[in-house]
Amino acid sequence: MPEQLLEVKDLYVNYRVYEGLLKVLNGVSLSVDTREKVGIIGESGCGKTTAMKAMMRILAANAIVAGGAASYRGANLLQLAQQELTRLRRTSISMIFQDPTAALNPVFKIGEQLTDIVRHSGTSGKSLTDQEVKARAVEVLKSAALPEPARIMDSYPFQLSGGMRQRVCIAMSLVSARDLLIADEPGTSLDVTIEDQIMRLLKQIVEERGLSVILISHAIGAVKGFVTKLYVMYAGTIMEEAPTEELFSNPAHPYAQRLLAAVPKLTGGGIPEGISGRIPSYLSPPEGCRFVTRCPNAMEQCWSHRPPMFQIANGHRAACFLYGVS
Amino acid sequence: MKTVASRPFLDYKKKWYKFSRNYLSVAGLVVVGVVAFLAIFAFYVAPYPEHVEFYVNYSDALLSPSWVHILGTDQFGRDVLSRVFFGFRYSLMMAVVVLSLVVPPGVILGLVAGYYRGGRVDSVIMRTADIFLAVPPLVLALSICSVLTPSVFNAMMAVSLMWWPWYTRLVYSISSSLRNEAFVQAAEIAGASPFHIAFREILPNCLGPILTKMTLDAGWVILIGASLSFVGLGAQPPTPDLGTMVSDGAKLLPDQWWVSMFPAMTIVLIILGFNLLGDGIRDMFAAESV
Amino acid sequence: MSSEPILTVRELKKYFKTTRGTVKAVDDVSFSVMENENFGLVGESGSGKSTVGHVIMGMYAPTAGKITFTGQDISQGVGRRPKELKKRIQIVFQDPASSLNPRRTIRQILELPLRVHGLVSDGDYQKKVLEMMDLVELPHEYAERYPGELGGGEKQAVAIGRALATGPSFIVLDEPTSALDVSIQAKIINMLMKFQKEFSLSYLFITHNLSLMRNVAQRVGIMYLGKIVELAETSEFFKNPLHPYTKMLLSAVPVITPEEEALKPEKVRSTGEIAGALNVPPGCSFHPRCPFVMDICSKVVPPFSEHKTGHKIEHQVACHLYPVT
């Protein structure tokens, strides 16, 4: 019986820079149920990583959370006390980053990094013996399909290939992920055949452990076959929300439509058209819909009013005035 | 076809913003600014400029700090405050002269060694630099100075001789890592000459670290210069050098502490100022991230 | 597309000596690019595809083998190439952020090739630079900006403008859109295709993106660990992939539509790690990962064989499953 695990509501995040205030996140709302796999697609600079970092409270020093809430099992992550937050990070939520090379400390062996994490995980606060810590580390490496865990424990990150490093990162996240796993473009820096393996591994692990997942990507094909619900994000705003199949077969928002159309097809068909223009400056974003400067269907009101999410079908919503009036 | 106004490389307003975010850097700038001002206008600002050279007035000797002599007088009756101001002159002059002598050749050698990385040129330059770096700086300076006649000039030469390799190393590390970057390869493929690549492609990328190091080095050079004077190998009395003042006044500790302590404190202050300023300069050139 | 090869690579080898052994980045590669053709070179990391491009550019001198450009032997490093030649072959790098000097303005970057080759008289630099910017559809006010202020696609447009500045006839495109978002990618590719027609260019298109390759290249070569394992005309290639590695690559391509799914050979799922170029496995370098591996595969390097299909379409493959007849 799925219940809501995480709900982000109207999240606003700004960055303070020399030129002024970058109003990046523009009221982002999303939700994840238990055992649900959710994807966020968006291109670079759309704010998807910012949204995740805001939730995990690892934003840069010049970031300001200007509004909104992220409630995780009832508690607001954004306002949680440090102790509670640490507890959640150690026992419940975990994150895999885009570049496994940057996520691992190059001067420590994998074993040292992994045992550190294991030692500080755990709910009861009882300390584990060295034996137990090591055993758990090996066990978690095995579940990430890593051959010869003992050898890997004894290696430095540079001695492993990209795919193996990412698997180590997955293993590390498994130590503390009991409920939610956030994967930020896990396959982007890997070769396509390795990425394929990693995604299959991730899928298997997630199914086995009944985890909820938020998968972020800019490659649309990568999320298909993995997530059941998709959010399309553009310039800090969620533009469309739909079940995966529905989004691919029937994209509603003009941005989502053009994004899907811009992917070259394996079956041929020539070079698709891109989307002309560039993302609006976050310093002075459009008053209304942020896609208005590039939208072929832009109307009068799109410039001055921000479209709310309109219902299109069951579980399918789009933030576009084509589908409703405010 | 409109002509576009040129944006200078040093976008002053933005650089100032980055610099001024840290109030300590601004404090460093103020300290260095005040010291420089006092040094340049010492003649006009010092209450007793005539005390700087030969002056003896035993009736005023060793007066403790008062409104007449703010930092007191030394054993010859000379006003400590005025001498300190003139001492700043020698210190700053040392920094300016040494860095002017050291930075251009050091940077050029580093660029050349980095450009021809892996070859004979690289080895020759860097091993020579290594030899100079292997000797402890103060020891090298001391040995040079003790062979030559002690003077401010010779002290500056000695310090310069051991300082250049640091710049070579710094620029070498940046230059050799940028050597294989795509934009350098693109310039090579376009047919640019090695001179162009070294000076117009690579050098601009080194400016930040070079300027930061120069600022921090100013403090170090001043300290080394003062150390040389302290042991008698730099400026000679009656030249009001901060180091000589400290050593002269050392015999009078702890009773007439002001003769030695005030010059010593100003040395600390100057170095601190340059360090804080250097931090700020580093921030100015730091890459931004959002 | 004429039948004259503009560039021919024969038995090209490039080995790098490192402290940990010899890296055989390119190990006996042969192919030709025809005039006005877009030849695609596909491979993953360690395949040597970028090294092939760099050797053609003269960034390295080949360890062995020959490169011929319009009949002229160009198998030397860029230091020894005649300046004239440097104008005719150009390259666009993968990462626009690192291929443009962050401390130089766009104008200075675009002027460099013009200045080096003296293509423009002194007063005309400004004019020519603005012309170049018009060509790649960049607004004039970008001329005094720094690369850091431009978006990824715009930077890549500058890189393309720079490559076109000297009026080349052959351009190596080293993953020109891999670092870009998909919506910008299409714009850049369209621009490249337009220029190919307009200026009668030939391209060596290096990428790992098979979906893109399908739509831009006339012929495709797949590389694995320094060797070409399959080479064919594009349509033939996607209809009838032969080499097991090719099938593995195709299976791993992330696709959206059901038609594309149907095109993928389902059977070959990706396994194993890509071996480091330091320890290339003996015999066929793919054999440790090959689901169809046979005894001979670990002993003998499979030769390149012409695979006869009914019609006269070029399709070569290096695999013991398809022995030379």
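Residues numbered from 1 in each chain as written. Chains lettered and ligands numbered in written order. Predicted model: local features only at pLDDT ≥ 70, side-chain atom pairs only at ≥ 80, totals over all residues.

### Quick look at the interface of chain B and chain C
Facing 19 residues of chain B, the contacting portion of chain C comprises 22 residues. Secondary-structure elements contributing two or more residues to the side of chain B that touches chain C are α8 (182-190) and α9 (194-230) of chain B. Of all the elements, α8(B) adds the most residues to the side of chain B that touches chain C, at 8 residues. In terms of residue class, the side of chain B that touches chain C is built from 10 nonpolar, 4 polar and 5 charged. (Contact = placed C-beta atoms within 7 Å. Helix = DSSP H or I, 4+ residues; strand = E, 2+ residues; numbered from the N terminus. Nonpolar A, V, L, I, M, F, W, Y, C, P; charged D, E, K, R; others polar.)

### Things to note about the environment of B:A95
Residue and element names in this part refer to chain B. Position of A95 among the secondary structure elements: in helix α4 (residues 80-115). When the C-alpha positions of A95 and A192 are compared, they lie 36 Å apart, and in sequence the two are 97 residues distant. Residues within four places of A95 in sequence aside, it is in contact with A218, V221 and I222.

### Remarks on the pairing of strand β1 (residues 5-18) of chain C
Residue and element names in this part refer to chain C. Of the pairings in the sheet, the one linking β1 to strand β2 (residues 21-34) comprises 11 bridges and is antiparallel in character. Counted as the bridge partner of L7 is V33 from β2. Between the end of β1 and the start of β2, which pair antiparallel, lie 2 residues. In the sheet, β1 pairs with strand β4 (residues 64-69) via 5 bridges, with the strands oriented antiparallel. Of the residues in β4, the one forming a bridge with K13 is A64. (Pairing = 2+ DSSP bridges.)

### Focus on the confidence of the model for chain C
Of the residues in chain C, 94% have a pLDDT of 70 or more, and the chain-wide mean is 85. Quick note on the complex model: pTM equals 0.82, ipTM equals 0.80. (pLDDT = per-residue confidence, 0-100.)

### So, α4(B)
Residue and element names in this part refer to chain B. In this model α4 runs 51 Å from its N-terminal to its C-terminal C-alpha over 36 residues, within 8% of the 52 Å that 1.5 Å per residue would give. The largest bend along α4 measures about 25° and falls at V103, with the proline P104 one to four residues further on. With 27 of its 36 residues buried, α4 lies for the most part within the structure. (Expected span 1.5 Å × (residues − 1). Bend = angle between axes of the 7 residues up to and from the residue. Buried ≥ 20, exposed ≤ 12 C-beta atoms within 10 Å, placed from the backbone.)

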